[in-house]
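Summary of the model geometry
Residue-level listing of the chains:
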Amino acid sequence: MTERRVVITGLGVVAPGGRGIGELFDALLAGQKHVKPISLFDASGFATRIGGQLDDFSARDYVPKSYRKAVKVMARDIEIAVAAADLAVRDSGIITPGLEGTPTIEPAQLGCNIGAGLICADLDELAAAVNTSTTDGKFDIRAWGNAGMQNLTPLWLLKYLPNMLACHVTIIHLAKGPSNTITCGECSGILAVGEAVRAVARGACDAEIAGGAESKLNPMGLLRQGLLNRLVTNNDAAGEAMRPFDRGHCGTVIGEGGGLLVVEDRDRAMGRNARIYAEVVGFGAGCDPDGIKYPMATPRGLINAIGAALADAKLRPDEIDLLIPQGTGVPAEDQAEAQCLKQALGERGTKVPVLPSAGMTGNLFAGAGAVNLAVGAMALQRQVIPAAINCSDVDPACGLNVPNQTTQTPLRNVLIAGYAVGGQAAAMILRRHQA
Amino acid sequence: MRRRVVITGMGCVTPLGHDVETLWQALLQGKSGISKTEIFDASTFPSTFSAQVKNYRMPEHLAKRHEHAGRHTSFALGAAEQAWKQSGLGESKAYNPDRTGIYMGSGEGNLDFDNFTSMLIDAWKDGKLDTAQWGKLAFERLSLHREQEQEANMVVAHLAAEFGIRGPAFNVLTACAASTQAIGEATMILRRGDADVVMAGGAHSMIHPYGVTGFSRLTALSRNNDDIPGASRPFDLTRDGFVLGEGSSVLILEEFESAKKRGAKMLAEIVGYGSSADAFRITDQDPDGAGAASGMNAALADAGIGPGEVDYISAHGTGTKQNDQVETRGMIAVFGPEMKIPISSIKSMVGHLIAAAGATELVSCVLAIRDQIVPPTANRNTPDPECPLDYVPLVARKAKVETCMKNSFGFGGQNDSLIVRRVRE
């Protein structure tokens, strides 16, 4: 059965350093550093008090007026997804049936697939409700059942369901095609885009809004990553703290953000003279059966994922011109990831230019993969590899080629790879589009 | 010719039995798995009952290897082992872990409720939460494993570890549609040739104080505290909400030719899958059933069959006023107002297993094909004029069943439909 070819026609990112891919990519080129002391909440009780946070951000600026009220029932993860979708759709030139104007796509032909994290309940809101139900300083579940729970808004649960990212996006854009929500930690974004590409390729719909978004900029995010012992604990030089693959790497930094892409049937995109950033030529997934041995990182799923993506693209490793990896900044994880990348790519593994993007933004978790896909698509578009941020002296135990100079160079194929605590992994190959 | 996908193993851990046959017999007899909630003190909650998995313990060898597994993960491991055993893959030379994937629709793991809640109280100062104090307490009271096991990809991680799986691995969490969707997407992966075997299904437990709180605030749960076994009443005029359940079902899906080659017993074939979004409202379903219908139509088109070829529909049938009416309208839109296809909702007996619901209901479809009998909709005593179809009320019914449709709908407007059929050579 022949599959349709699928291209990327819209990029939308919301991340520390940029709202919109142009702004984000320019920030990368300028070597900006956006990890800062956390001000979204009082982090003074935590060993780690820095993060890549979105300042002055609200989805209100990205939704139709009629939808502004709904922002109240959006967890921050949802707000990021909604904003990124708006940016991606506008960037694509498609007028979705939910937007003003004459739609250029049928509702049933527009799908949605978004990678999401475990969304934490707002602690202030929950605590205010819980503290109405105490007896002698302890939680009184009977008082809670009787009356206390009434202090939570009726829609409380719907703020936190992972599929509410896709739910709001599909409502705003009237996207009635296939819909899905992938929850596989840090590789959720690549997996979601991969699934969306497959759906378009097999003809289940003509285009999808796909990617991932997450915010761990909250006490639970700091706590859980802290328990995993993954976090940087030196708070003094925030901008320099996140150092993927650098000799000085000392942990990861929580961030928040996400990316949504418009992936589209190639013929359709060419028919409407869309700007085509790249063609998705390869996708693969894999997993590491040691995923339950956390906190140790287990990126070995990358080997099968990259192998499958290369086979899918019918490419040899030496045809990959740029690699955008996960790069969490945790020394043991970076080293293990580098070993897997080299095993998957053979000789090319030590030579291929590597761009870890998280040095600028912090670790975006479920948002990371799709932001990296957008960065990869932009690198192809502009034929440039931005210098890595906070990786000037590569850890010899990683042994990767991480350029610390921005290089204008012919780029044809870019490989984006990611893996999750828990063992899932994904890889995608983008090719420069030539009409 | 596209690759065909068959089911070669099934396993269940549910409120009506910790294996497939026990569940099936209970369903055919119209038994109820619903009782007073014992997992926590729900005596003052609007709903005091639920469909709990009772007296379940993971087999010793599994418990040893998965000591940190959360409640729903322990269900999933048990269900997966049953399915694995039935498939015979463990003993087969044909088993290749690199060509085997996992596609689960599993939910988040259980919260460390007592510790988590106590911190919200102990760090509460002058009418607000002292986040700095909360942070300090958190590292004293919460533990690595209890927190990490809540991540929604951990069921997949445990299954990969137990069976040594190294192929494509996904978790979908589209609320109540998740495991139907997981099985559908797994089918697509097998068809395309990205794997030869996929372990697919769902696992979930939301029977904890905040889970029940969330659904109570949405007024989604039945409050029929006076008639607990009769509380789940899909398609009945007097229905007043769903009954929260928990559990897991896991299926082994396999590419037809390789299953045939290794002599596997093929239980049914998955021939159609459709997914769509209502894109309507965050709280309500599209009232005319158009979203539901579009998922069903997509599945029929994918299977290449007409509505007349469907012999049985396993409904989502939650027992909420809205769902059952909208679902009925959706079915009428697809099958016509004169449709005579028997429809039932086993949620009337086993409860609503949320992310694990669809997979569990699909298991009942496969058994309906095997035994030529369809399970009833229990408690469906009083017809609802808005729901005028044949819901197989109260008593199981012998029927010719070759092809079944399984529908699932999730909060957020998610619609997923599957079509399974007796395996034809």
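Per chain, residue numbering runs from 1 following the sequence as it is written. Just so you know, chain letters begin at A and ligand numbers begin at 1, following the order they were written in. For a predicted model such as this one, the threshold for reporting local features is a pLDDT of at least 70, and the threshold for listing and counting side-chain atom pairs is 80 or more; totals across whole chains, interfaces and linings nevertheless cover every residue.

1. A closer look at the overall build of chain B
A run of DSSP states H or I qualifies as a helix once it reaches four residues; a run of E qualifies as a strand once it reaches two. Both are numbered from the N-terminal end. Looking only at helices and strands, chain B features 14 helices and 16 strands. Taken over C-alpha atoms, the radius of gyration is set against a globule rule of 2.2 Å times the number of residues to the power 0.38. Rg of the C-alpha trace for chain B: 21 Å, near the compact-globule value of 22 Å for 425 residues, within the 12% margin. For chain B, the spread of C-alpha atoms along the three principal axes comes to 70 × 55 × 40 Å. Partly exposed residues are those whose C-beta has more than 12 but fewer than 20 other C-beta atoms within 10 Å; with 20 or more the residue is buried, with 12 or fewer it is exposed, and the C-beta atoms are placed from the backbone. The buried share among the 425 residues of chain B stands at 65%. Across chain B, the fraction of contacts at a sequence separation of at least 24, relative to all contacts at a separation of at least 6, is 79%. For every residue pair, C-beta atoms are placed from the backbone, and the pair is scored as a contact if these atoms sit within 7 Å.

2. Looking at the overall build of chain A
When helices and strands are counted, chain A shows 13 helices and 16 strands. What you see for chain A is a C-alpha radius of gyration of 21 Å, in line with the 22 Å of a compact globule of 435 residues. In terms of principal-axis extent, the alpha carbons of chain A reach across some 70 × 55 × 40 Å. Counting only residues that meet the buried cut, chain A has 68% of its 435 residues in that class. Considering only contacts in chain A between residues 6 or more positions apart, those separated by 24 or more positions represent 78%.

3. Observations regarding the pairing of strand β5 (residues 110–116) of chain A
A regular strand places its side chains on the two faces of the sheet in alternate fashion. All names here are of chain A. By the criterion of burial, β5 is predominantly enclosed, with 7 of the 7 residues buried. The side-chain alternation of β5 yields two buried faces, one formed by L110, C112, I114 and A116 and the other by G111, N113 and G115. At least two bridges found by DSSP between two strands are what make those strands a pair. As defined by bridge partners, β5 adjoins strand β9 (residues 207–215) across 7 bridges and the pair is classed as parallel. Across the sheet, N113 pairs through a bridge with A210, a residue of β9.

4. Some words on the pairing of strand β4 (residues 100–106) of chain B
Most of β4(B) sits inside the fold, with 7 of its 7 residues counted as buried. Burial along β4(B) is two-sided: the residues B:T100, B:I102, B:M104 and B:S106 and B:G101, B:Y103 and B:G105 are all buried.

5. Focus: the sheet that holds strand β9 (residues 246–255) of chain B
Residue and element names in this part refer to chain B. Across the sheet, 10 strands lie side by side as β7-β4-β8-β9-β1-β10-β16-β15-β11-β12; this open sheet has mixed pairing. Two strands close off the open sheet at either side, each with one partner strand: β7 (169–171) and β12 (343–344). Here strand β1 (residues 5–13) pairs with β9 via 8 bridges, running antiparallel. Its bridge partner being in β9, C12 is matched across the sheet by S249.

6. Quick look at the environment of B:F163
One can find B:F163 in helix α7 (residues 154–163). The sequence separation of B:F163 and B:D302 amounts to 139 residues, and the corresponding C-alpha distance is 31 Å.

7. A closer look at the domain arrangement of chain A
Taken domain by domain, chain A consists of domain 1 (6–120 + 160–432) and domain 2 (123–156). Source of the domain bounds: an automatic or database domain assignment. The straight-line distance from the C-alpha centre of domain 1 of chain A to that of domain 2 of chain A is 37 Å.

8. A look at the interface of chain B and chain A
Each side of the interface is counted separately: chain B has 77 residues, and chain A has 78 residues. Per-element tally for the side of chain B that touches chain A: the top contributor is helix α5 (residues 131–141) of chain B, with 8 residues. Throughout, the ten residues Ala, Val, Leu, Ile, Met, Phe, Trp, Tyr, Cys and Pro are labelled nonpolar, Asp, Glu, Lys and Arg are labelled charged, and all others, Gly among them, are labelled polar. Residues belonging to the side of chain B that touches chain A are distributed by class as follows: 36 nonpolar, 27 polar and 14 charged.

9. Things to note about the packing of helix α6 (residues 188–201) of chain A against helix α13 (residues 368–382) of chain A
Residues and elements named next belong to chain A. Look at α6 against α13: their axes get within 5 Å of each other, and the N-to-C directions meet at 65 degrees. Considering the angle they form, α6 stands roughly perpendicular to α13. Contact residues: S188, G189, I190 and V193 in α6; A368, G369, A370 and L373 in α13. Looking at the contact of α6 with α13 residue by residue, the classes come out as 5 nonpolar, 3 polar and no charged. As a rule, the C-alpha atoms of each element are fitted with a line to give its axis, helices using only the stretch in contact, and angles between N-to-C directions run from 0 to 180 degrees. Note on angle classes: values under 35 degrees are labelled roughly parallel, values over 145 roughly antiparallel, values of 65 to 115 roughly perpendicular, and the remainder oblique.

10. A closer look at helix α3 (residues 123–130) of chain A
Listing the buried residues of α3(A) in full gives A:L123, A:L126, A:A127 and A:V130. Buried residues of α3(A) fall within an arc of 100 degrees about the axis and therefore sit on the same side. Here the arc refers to the set of directions running from the helix axis out to each C-beta atom.

11. Thoughts on the packing of helix α11 (residues 290–303) of chain B against helix α12 (residues 321–335) of chain B
Two numbers describe a pair of packed helices, the interaxial angle and the distance between the axes. Residue and element names in this part refer to chain B. Where α11 meets α12, the closest approach of the two axes is 8 Å, and the angle between their N-to-C directions is 45 degrees. Taken together, the axis directions place α11 and α12 in an arrangement best described as oblique. Considering only the axes of α11 and α12, their crossing is right-handed. On the side of α11, the interface is formed by A292, A293, M296 and N297, while α12 contributes V326, E327, G330, A333 and V334. Classifying every residue of the contact of α11 with α12 by side-chain character gives 6 nonpolar, 2 polar and 1 charged. With the far helix as reference, a near helix turned anticlockwise by less than a right angle produces a left-handed crossing, and one turned clockwise produces a right-handed crossing.

12. Digging into the confidence of the model for chain B
Summing up the model confidence of chain B, the mean pLDDT is 97 and the portion of residues at 70 or higher is 100%. Model confidence for the complex is summarised by a pTM of 0.98, with the ipTM given as 0.98. pLDDT measures the predictor's confidence residue by residue and takes values from 0 up to 100.

13. Here we look at the environment of B:D288
Residues and elements named next belong to chain B. As for its placement among the helices and strands, D288 is situated in the loop between β10 (268–277) and α11. Residue D288 is classed as partly exposed on the basis of its 13 C-beta neighbours within 10 Å. Note: C-alpha distance between D288 and R329 (41 residues apart in sequence) is 6.2 Å.

14. Notes on unusual backbone geometry
Residues and elements named next belong to chain A. The linkage connecting Y294 with the following residue, P295, adopts the cis geometry, with an omega of 5 degrees. Summarising the element assignment, P295 is placed in the loop between β11 (278–287) and α9 (301–313). For N273, which is not glycine, the phi torsion reads 55 degrees and is therefore positive. N273 sits in the exposed class, given 9 other C-beta atoms within 10 Å.

15. Some details on the domain arrangement of chain B
The domain boundaries assigned to chain B delineate domain 1 (41–111 + 150–421) and domain 2 (114–145). Distance from the C-alpha centre of domain 1 of chain B to the C-alpha centre of domain 2 of chain B: 37 Å.

16. Overview of helix α2 (residues 76–92) of chain A
Turn by turn, an α-helix covers 3.6 residues, leaving residues three or four places apart pointing in a common direction. All names here are of chain A. For a helix, the expected span equals 1.5 Å multiplied by the residue count minus one. Compared with an ideal rise of 1.5 Å per residue, which puts 17 residues at 24 Å, α2 spans 24 Å between its outermost C-alpha atoms and is within 8% of the ideal. Summarising burial for α2: 16 of the 17 residues are buried, a large majority. With its phi angle positive at about 80 degrees, G93 sits one or two positions after the end of α2.

17. Quick word on the nonpolar core
Joining buried Ala, Val, Leu, Ile, Met, Phe, Trp, Tyr and Cys residues through C-beta atoms within 7 Å gives a set, and that set is a nonpolar core. Within the largest apolar cluster, 312 residues are counted, with the highest numbers of intra-cluster contacts made by A:L261, A:V263 and A:M428. With sequence-adjacent residues up to four places away left out, A:L261 is seen in contact with A:I8, A:G10, A:L11, A:A88, A:V193, A:A210, A:G211, A:A370, A:L373 and A:A374.

18. A short note on the environment of B:S408
Residue and element names in this part refer to chain B. Looking at the secondary structure, you find S408 in strand β15 (residues 403–410). In this structure S408 comes out as buried when scored by C-beta crowding, with 33 C-beta atoms within 10 Å. With 227 residues separating them in the primary sequence, S408 and Q181 have C-alpha atoms 8.3 Å apart. Sequence-distant contacts of S408, that is, excluding residues within four places in its chain, are made with C176, A177, T180, H316, A357, G358 and D416.

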